[in-house]
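# Results of the structural survey
What follows is each chain in one-letter form.
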Amino acid sequence: MLKITILYGAIREGRLSIRAARAIEKALKESGKAEVSFIDIKTYHLPVMESRLFEMKNPPDSLLEISSLLSGADGIVLVSPEYNNGYSGAMKNAVDYFTKEWSHKPIGIVAGSNGKMGGINASNMMQLLVLAINAFPMPYKLLVPELQNALDEEGNPQNEIMAKNIKRFVSEYLWFVEAISNQVKKGSS
Ligand SMILES: Cc1cc2nc3c(=O)[nH]c(=O)nc-3n(C[C@H](O)[C@H](O)[C@H](O)COP(=O)(O)O)c2cc1C
């Protein structure tokens, strides 16, 4: 079993993108190949980052818990809504706390919006973010346009295209995680 951690980055009241996070959690679990942990940033109430975790003298348990879920994962999925042509500030704030936790992790990207573009700008920016943290962004991304119609509250796809795209994302992602995590387990060259 591959250990996968989903980091979901919207904290807005009434957030719709939780549907995309639940959809991917469900699909990964249903694959039978992944043990999934879910980090909902909203439940951690993280303050704006003034110091990275490794520089803190007395780190809060919340950060230690997130650190361990990230470090222990074979692969990570970042899920964010699109806000002002980018991913959420809450996502960036959470990511910035951590350093070595990201190293060489294969990372899948999921973005969504209530419009027709499905968070494409946010997804492109998340790919750049992943490069900055010394991790590997998977080329195929899952975009969810019209979140309110594409997925129900539990994350079940409401049309065939959505169902097909989720299936393709999960299949490519498991391949990607397996390939990179096997190499990581062999150790550095
Ligand atoms: C501050 C803010 C900025 C937004 N900017 C964009 C945007 O640039 N592009 C877009 O497609 N949707 C934009 N939206 C709409 C979101 O995509 C929409 O709220 C969607 O439901 C996903 O966000 P949620 O999880 O917070 O609901 C924005 C929403 C907010 C709150």
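Described below are features of the structure shown in this document. The structure presented is a predicted model; accordingly, all values stated were derived computationally and were not measured. (Residues numbered from 1 in each chain as written. Predicted model: local features only at pLDDT ≥ 70, side-chain atom pairs only at ≥ 80, totals over all residues. Heavy atoms only, no water.)

## Describing the packing of aromatic side chains
- Taken as a whole and judged by the stated rule, the model has 4 aromatic pairs.
- Pairing Tyr97 with Phe98 gives two aromatic rings, centres 6.3 Å apart and planes at 55 degrees, and the pair type is tilted. The residues Tyr97 and Phe98 share a single accessibility class, namely buried.
- Over the face of the ring belonging to Tyr140 we find Arg168, whose NZ or CZ atom lies 3.9 Å from the ring centre. (Phe/Tyr/Trp six-rings, centres within 6.5 Å; stacked < 30°, edge-to-face > 60°. Buried < 20%, exposed > 50% of the residue type's maximum accessible area, 1.4 Å probe, protein only. Lys NZ or Arg CZ within 6 Å of the ring centre and 35° of its normal.)

## A few points about the site of the ligand
- All residues adjacent to the ligand are Arg12, Arg15, Leu16, Ser17, Pro81, Glu82, Tyr83, Asn84, Asn85, Ser113, Asn114 and Leu147.
- A distance of 2.7 Å is found between an oxygen atom of the ligand and a side-chain nitrogen or oxygen belonging to Arg12.
- Within the contact set of the ligand, an oxygen atom lies 2.5 Å away from a side-chain nitrogen or oxygen of Ser17.
- For the ligand, whose accessible area on its own is 600 Å², the fraction buried by protein is 73%.
- Along the lines of polarity and charge, the residues of the shell around the ligand split into 4 nonpolar, 5 polar and 3 charged. (Near = heavy atom within 4 Å. Polar contact = N/O pair within 3.5 Å; in protein donor to acceptor, adjacent residues only side chain to side chain. Areas by Shrake-Rupley, 256 points an atom, 1.4 Å probe, with all protein chains shown as cover. Nonpolar A, V, L, I, M, F, W, Y, C, P; charged D, E, K, R; others polar.)

## Focus on the environment of Asn165
- Inspection of the secondary structure assignment puts Asn165 in helix α6 (residues 160-186).
- Judged by relative accessible area, Asn165 falls into the partly exposed class, the value being 22%.
- Taking the C-alpha atoms as reference points, Asn165 and Gly14, separated by 151 residues in sequence, lie 25 Å from one another.
- Not counting chain neighbours up to four residues away, the residues in contact with Asn165 comprise Tyr140 and Leu142. (Helix = DSSP H or I, 4+ residues; strand = E, 2+ residues; numbered from the N terminus. Contact = heavy atoms within 4.5 Å.)

## Points about the pairing of strand β2 (residues 34-40)
- Of all 7 residues that make up β2, 5 are buried, and the element is covered over most of its length.
- As defined by bridge partners, strand β1 (residues 2-8) adjoins β2 across 7 bridges and the pair is classed as parallel. Within the sheet, the bridge partner assigned to Ile4 lies in β2 and is Val36.
- For the segment spanning β1, helix α1 (residues 18-30) and β2, crossover handedness is right-handed. (Pairing = 2+ DSSP bridges. Right-handed = clockwise from strand over helix to strand, strands pointing away.)

## Structural notes on the environment of Ile120
- By the secondary structure assignment, Ile120 is in helix α4 (residues 120-132).
- Separated by 23 residues in sequence, Ile120 and Leu143 have C-alpha atoms that sit 6.7 Å apart.
- In contact with Ile120, other than residues within four places in its own chain, are Glu82 and Leu143.

Interpretation in functional terms is not warranted from these geometric data alone.
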